[in-house]
Amino acid sequence: MLYKKKRKTGRVVVLLCGILLFAGFTYGYMSNNKPLNKPQNTSKLPLSSNNNYPGSNIKTRDDEKVNNEDSQETIENKEANINETMKVVNEESKIVFNTLYLKTGKTDTKKVEIPVTIVGANLNQFKEYIEDNYRDWEIKGVSLRTASLYKEIDGYNPNYFIIQNKDGYIAVYKINKEGKKEVYEVTDISISTLSEMDKLKLDKGIIAKNLEELYRIIEGYSN
């Protein structure tokens, strides 16, 4: 009798558990399938990126990719133009003249622009031009940017001054473009009152690079 009551009670518990599980499953299913609230007035949102609305100026990845490609193409075009220019002589190319004057041991360097007629020439044409037009110069090197020429002159640097003894008086000579001496001035300073060392210097010649240096030396001998 007691066994039958326990058996009956167990069935009731099982039935109640089943009912609770079914109710929970039904509630969860209905909650998950409940329709969502749709945003209102969606049809009024602007569809074109050209409209003025917040966020319309945001660049997409495709836009950035196009801009990057355009920038890269511009850079490549500039580099190509530069490389093409560097293959020929251009307006910035120079001819450099280096002249060593043996009397002073000083080298004058002068840079000149190339003639317009040689602009656009290749390296071989530029070399031929230098060889044909500067036969009295030693060619140290030729590139598309520079032609380096060298010459030695047994004379003085142009526009230098030489202070020497002339007939017992201090004389000043100026060097011309060919490196030769020309009388610039003969002073009234007699060398008879000078020391033997100064007389030897004047016999050899004292070099002054400019007028300021010249006046300073002459003033020293006039005191």
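Figured I'd write up the structure that's included with this text. These figures come from a predicted structure and were not determined experimentally.

Definitions and limits used
- Residues numbered from 1 in each chain as written.
- Predicted model: local features only at pLDDT ≥ 70, side-chain atom pairs only at ≥ 80, totals over all residues.
- Heavy atoms only, no water.
- Core = buried A, V, L, I, M, F, W, Y, C linked by side-chain atoms within 4.5 Å.
- Buried < 20%, exposed > 50% of the residue type's maximum accessible area, 1.4 Å probe, protein only.
- Helix = DSSP H or I, 4+ residues; strand = E, 2+ residues; numbered from the N terminus.
- Contact = heavy atoms within 4.5 Å.
- Pairing = 2+ DSSP bridges.
- Axes fitted to C-alpha atoms, helices over the stretch in contact; angles between N-to-C directions.
- Polar contact = N/O pair within 3.5 Å; in protein donor to acceptor, adjacent residues only side chain to side chain.

Some words on the nonpolar core
Phase 1 of the analysis: The biggest cluster of nonpolar side chains holds 15 residues, and the ones touching the most others in it are I95, F126, Y129, I130, Y134 and L149.
Phase 2 of the analysis: Where this core is concerned, the elements lending two or more residues are β1 (94-101), α3 (123-133) and β4 (146-153).
Phase 3 of the analysis: Leaving out residues up to four positions away in the same chain, Y134 has contacts with I95, F97, Y129 and L149.
Phase 4 of the analysis: Listed in part, the 14 residues of the second largest apolar core include L202, L214, I217 and Y221.

A look at the sheet that holds strand β6 (residues 169-175)
Phase 1 of the analysis: Taking strand neighbours across the sheet as the criterion, the four strands line up as β7-β6-β5-β8 in an open arrangement whose pairing is antiparallel. A single partner strand is all that each edge strand has here, and the edge strands are β7 (181-190) and β8 (206-208). For this sheet, the mean angle separating the axes of adjacent strands, direction not counted, is 30°.
Phase 2 of the analysis: Here strand β5 (residues 161-166) runs beside β6; their pairing, made up of six bridges, is antiparallel. Looking across to β6, one finds that Q164 is bridged to A171.
Phase 3 of the analysis: In the packing of helix α4 (residues 196-204) onto the sheet, the strands contacted are β5, β6 and β8, and the crossing angle to β5 comes to about 115°.
Phase 4 of the analysis: Of the strands in this sheet, β5, β6, β7 and β8 touch helix α5 (residues 211-222), which is tilted by about 140° from β8.

What about the environment of L144?
Phase 1 of the analysis: You can see L144 is positioned in the loop between β3 (138-142) and β4.
Phase 2 of the analysis: Looking at L144, the relative accessible area reads 16%, which means it is buried.
Phase 3 of the analysis: Remark: the alpha-carbon pair of L144 and E92, spanning 52 residues in sequence, is separated by 9.7 Å.

Things to note about the side chain of T187
Phase 1 of the analysis: Along the chain, the position of T187 falls in strand β7.
Phase 2 of the analysis: Of note is the side chain of T187, whose polar atom sits 2.6 Å from the backbone oxygen of I170.
Phase 3 of the analysis: Here I189 takes part through its backbone nitrogen, which lies 3.3 Å from a polar atom of the side chain of T187.
Phase 4 of the analysis: With residues up to four places along the chain from it excluded, the contact list for T187 reads Y169 and I170.

A look at the sheet that holds strand β2 (residues 106-113)
Phase 1 of the analysis: Strand order across the open sheet formed by four strands is β2-β1-β4-β3, with mixed pairing between neighbours. Looking at which strands have only one partner, the edges of the open sheet turn out to be β2 and β3. When strand polarity is set aside, the average angle formed by the axes of neighbouring strands in this sheet is 20°.
Phase 2 of the analysis: The strands touched by α3 are β1, β3 and β4; relative to β3, the strand with the most contacts, the crossing angle is about 165°.

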